[in-house]
Amino acid sequence: MALNLGKSVVDYLTAHPDEKFSARQIAEWIFATFPDECHAKKASSSALDTDADLLQQLVAEIGSQRPRLQKKHPNLKTTEGRPRKYYFSEKSDSAEIAAVESVGVIAPVGKDETKLGEHGLYPLLSSYLWAEFGVYSKRIDEKRSTNKRGPNGNRWLYPDLVGMEDLGADWHQEVKDCVNQYSDKRTKLWSFEVKLLINRSNVRECFFQSVSNSSWSNFGYLVAAEIEGQDTLKELRMLFAAHGIGLIKLDVENSSESQVLIPARERGEIDWDTANRLTTENKDFLGYVKLVKQFYQTGEARLADWDVPKEAE
């Protein structure tokens, strides 16, 4: 009997609703479940010499059949980023957001799994930023704000994390001293809005929240542990073209495997008027500005003063 790959994929995912699997995981299940059909497929192809070749072919075919399968089965969904995950869900997009905000995203801890809420993503992002870009990061808690302007006065004002990039980390000391005397830039300031899940139901709200609270910085990024659907990514790319906010896919299993899916467009100057409002009304942002000032005064930034996890040092 010939292997019906599309039906096998749909059957497997519907039997495990809301669980996410990579194409390779699905291919391995198909190989284990339909050994006769898989061996017949390998035997009929001159290009497939080994079981590993066959597995790779199954992975490729799952990817190529994805658009057709999703058109035929609207509840078959995918995440974006590397690797793409496949899953079956009868939840609406808004219900998926509510569910993940209620229970968090799954992350491995040793041999077990745990659920991470949004706050659990911050140390992972800090590790990635330090390892990948040498960016010192700091958490901003909007609850530490004066909130003088009423219940919604600070809405979309504060980012979740801020960062400082030392432009001269690898410079010769004489060059550093020269730049200081010249009063030239030594840093780039970053801003990050973090989400557990972005899909079609919240993509524009998340993006414009990031636009709003990153307007003061050199680089503004929207960060997500999960991004569901190609249409969501297309929308983000379209919005980036107009506003320049970047997108980071945060890998909760291994933060070093996180990806910049859309690079942010740099703003040449800091909006110090907005930075002043943030500094005046939020103690965490005040502490951040003090650290940046200290760096300009001393030429050094101590990791202990920032929120870089020790394992990332």
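Keep in mind it's a predicted model, so treat the numbers as computed, not measured.

Asker: What's the story with unusual backbone geometry in this structure? I'm lost.
Answerer: Here the bond from R82 into P83 is cis, since omega is -10 degrees, no more than 30 degrees from zero. In this structure, P83 sits in the loop between β2 (76–78) and β3 (85–88).

Asker: Hey, could you run me through the packing of helix α1 (residues 5–15) against helix α4 (residues 51–72) in this one?
Answerer: Describing two packed helices takes the angle between their axes plus the distance from one axis to the other. Two elements in contact, α1 and α4, have axes whose closest approach is 10 Å; the angle formed by their N-to-C orientations is 80 degrees. On the basis of their axis angle, the class for α1 and α4 is roughly perpendicular. Where α1 abuts α4, its residues L5, G6, V9 and V10 lie against L58, E61, I62, Q65 and L69. Looking at the contact of α1 with α4 residue by residue, the class counts come to six nonpolar, two polar and one charged.

Asker: Help me understand the packing of aromatic side chains in this model?
Answerer: Centre distance and the angle of the planes are the two values used to describe a pair of aromatic rings. Tallied over the full model, the rule gives 17 aromatic pairs. Between W216 and Y288, the ring centres sit 6.1 Å apart and the planes meet at 70 degrees, which makes this aromatic pair edge-to-face. Placement of the pair is W216 in the loop between α8 (203–213) and β9 (219–227) and Y288 in helix α11 (residues 283–298), with a sequence separation of 72 residues. Here Y288 and W306 contribute two aromatic rings whose centre-to-centre distance is 6.1 Å and whose plane-to-plane angle is 85 degrees, an arrangement assigned as edge-to-face. In this pair, Y288 is assigned in helix α11 and W306 in the segment after α11, connecting sequence segments 18 residues apart. In this pair, the class of Y288 matches that of W306, namely buried. An aromatic cluster of three or more residues is present, and its members are Y128, F133, W190, F192, F219 and Y221.

Parameters and conventions
Residues numbered from 1 in each chain as written. Predicted model: local features only at pLDDT ≥ 70, side-chain atom pairs only at ≥ 80, totals over all residues. Heavy atoms only, no water. Helix = DSSP H or I, 4+ residues; strand = E, 2+ residues; numbered from the N terminus. Axes fitted to C-alpha atoms, helices over the stretch in contact; angles between N-to-C directions. Parallel < 35°, antiparallel > 145°, perpendicular 65-115°, else oblique. Contact = heavy atoms within 4.5 Å. Nonpolar A, V, L, I, M, F, W, Y, C, P; charged D, E, K, R; others polar. Phe/Tyr/Trp six-rings, centres within 6.5 Å; stacked < 30°, edge-to-face > 60°. Buried < 20%, exposed > 50% of the residue type's maximum accessible area, 1.4 Å probe, protein only.

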